[in-house]
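These are the residues of each chain, in order.
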Amino acid sequence: MITRIVNAKDGLDEAVSLIKNGELVVFPTETVYGLGANAYDAEAVLKIFEAKGRPQDNPLIVHISDASQAREVARDIPEGYYRLAEKFMPGALTVVLKKSERVPYVVTAGGDTVAVRMPDNETARELISRSFPLAAPSANRSKHVSPTSARHVYDDLEGRVPLILDGGECRVGIESTVLDLTSDTPVILRPGAVTAEMLAPVLGIVPGSGKVIGIARSPGMKYEHYAPNAEAYAARDAASAAEFYDKCAAEGRRPVLLFDDVHAAELGARERISLGGDVEDFMRSVYAALRLAERDHDVIIVQTLEGGGRAASVMNRVMKAVGGKMI
Ligand code: AMP
Ligand code: MG
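Keep in mind the model is a prediction, meaning the values are calculated, not measured.

This part covers the environment of T182. Within the secondary structure, T182 is located in the loop between strand 10 (177-180) and strand 11 (187-190). On a C-alpha basis, the gap between T182 and L163 in space is 35 Å, while along the polypeptide they are 19 residues apart.

Now the structure itself:
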């Protein structure tokens, strides 16, 4: 199969036809690129798992073009959903609801719940409104770092998908927050750019953390996602990063530092890929930096951020990428 990258607007008509014909299309969103298929077509959805090499017990997110479209893919929708929709949709928030009969079990990994999100990308929403809700995971090979550009997708899925809609670099840069609304109290199953602090005033309650209660509800959480093809570590601080870098270099290995510009002077002439100047920059650029680093380096040393909110969300991904290894 030939894989083509086409400007998102120019490729829209073709993308609609492909989806209607039960084929896959890669589309841009503000979080990461998605690998989409008609969410109502079990056979089409199976192609996603094949193209990614993804285990079938890892459920997909159903992308909708309008918050009210949740009524097609879910049932018994709680009132809280509509309050969240008003504030966070379109946006980087995925909500887990009870699934409707229209959604096949291959989408939900056999479960009775469905994850729903309305992406903040016009081309993506137009593709959906002109075809079907799209079941889509991130458009990377299973277990690799999620893609934040069309080129990243091409590097992973060349020959496995017919069309990649190029919408430029993703603005948010990590996968959406996943919030379960089917339990007694809302639970964050996966942290993201929409934080517990932002959700609490809308929900009227601070959501719980999936780290403690949510694991069994989210089969995807047991997999090591986001790992680069190189040995990777999180650094306690810049001093320990510099020390470890020097040790690796002395051993003849090729280390690289992924650090923000605040630490530039402290790290001196050591090779560094910039993660920008604030938490949002870090979030937006960390996956691209990991993908760049794995090309020419065998040791990747990533900065850690202190604190809660978005810093904690990015650290959730960094710790997965390094497999929990700290120096
Ligand atoms: P990806 O888009 O590749 O990050 O994969 C989708 C992720 O969304 C899964 O790995 C789960 O963490 C989450 N997810 C999807 N459907 C559900 C569901 N029904 N319940 C809980 N989590 C879900
Ligand atoms: Mg993924």
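Take the nonpolar core next. Ranked by internal contacts, the top residues of the largest apolar core, which has 79 residues, are Y81, L84 and L258. Per-element accounting of this core gives the leading share, seven residues, to helix 11 (residues 279-296). Apart from the residues within four sequence positions on either side, L258 is in contact with I273, L275, A289, L290, A293, I300, I301, V302 and Q303. One finds L12, L18, I19 and A124 within the second-largest nonpolar core, a separate group that totals 16 residues.

The subject of this paragraph is the site of ligand 1. As a matter of local geometry, ligand 1 sits amid 15 residues, with R54, N58, T113, S138 and R190 nearest to it. A distance of 2.8 Å separates an oxygen atom of ligand 1 from a polar atom in the side chain of N58. At 3.0 Å from a nitrogen atom of ligand 1 is found a side-chain nitrogen or oxygen belonging to T113. Calculation on ligand 1 without its partners gives an accessible area of 500 Å², and the protein chains cover 96% of this total. Here the shell around ligand 1 is built from residues that sort into seven nonpolar, five polar and three charged.

What follows is about helix 1 (residues 12-20). Those residues of helix 1 that fall on the buried side of the exposure criterion are L12, A15, V16, L18 and I19. When helix 1 is viewed along its axis, its buried side chains cluster within an angular range of 165° and face the same direction. In helix 1, the exposed residues that point more than 90 degrees away from the buried face are D13 and K20. As for helix 1, its buried residues are in contact with strand 2 (25-27), strand 3 (34-38), helix 6 (122-129), strand 8 (134-136) and strand 9 (163-166). Just downstream of helix 1, G22 is the residue with a positive phi angle, here 80°.

Procedures and definitions
Within each chain, residue numbers correspond to sequence positions counted from 1 in written order. Labels follow written order: the first chain is A, the first ligand is 1, and so on. Totals for whole chains, interfaces and linings use all residues, but because this is a predicted model, local features are given only for residues with pLDDT of at least 70 and pairs of side-chain atoms are given and counted only at 80 or more. Only heavy atoms go into the side-chain values, all of them from the structure, while hydrogens and water stay out. Only DSSP runs of H or I covering at least 4 residues are called helices, and only runs of E covering at least 2 are called strands; the numbering of each starts at the N terminus. Among buried residues, the Ala, Val, Leu, Ile, Met, Phe, Trp, Tyr and Cys ones that are joined through side-chain atoms within 4.5 Å form a nonpolar core. When a residue's accessible area, from a 1.4 Å probe over protein chains only, is under 20% of the maximum for its type it is buried; when over 50% it is exposed; and in between it is partly exposed. The contact definition used throughout considers only heavy atoms, calling two residues in contact when any of these lie within 4.5 Å. In these notes, residues near a molecule or strand are those with any non-hydrogen atom within 4 Å of it. In the analysis that follows, any N or O atom pair within 3.5 Å is treated as a polar contact, provided that within protein one partner can donate a hydrogen and the other can accept it, and provided that, for residues neighboring in sequence, both atoms belong to side chains. Per-residue and other accessible areas follow the Shrake-Rupley method at a 1.4 Å probe size, with only the shown protein chains counted as cover for residues. Under the scheme applied, nonpolar residues are Ala, Val, Leu, Ile, Met, Phe, Trp, Tyr, Cys and Pro; charged residues are Asp, Glu, Lys and Arg; polar residues are all the others, including Gly. Directions pointing from the helix axis toward each C-beta atom define the arc.

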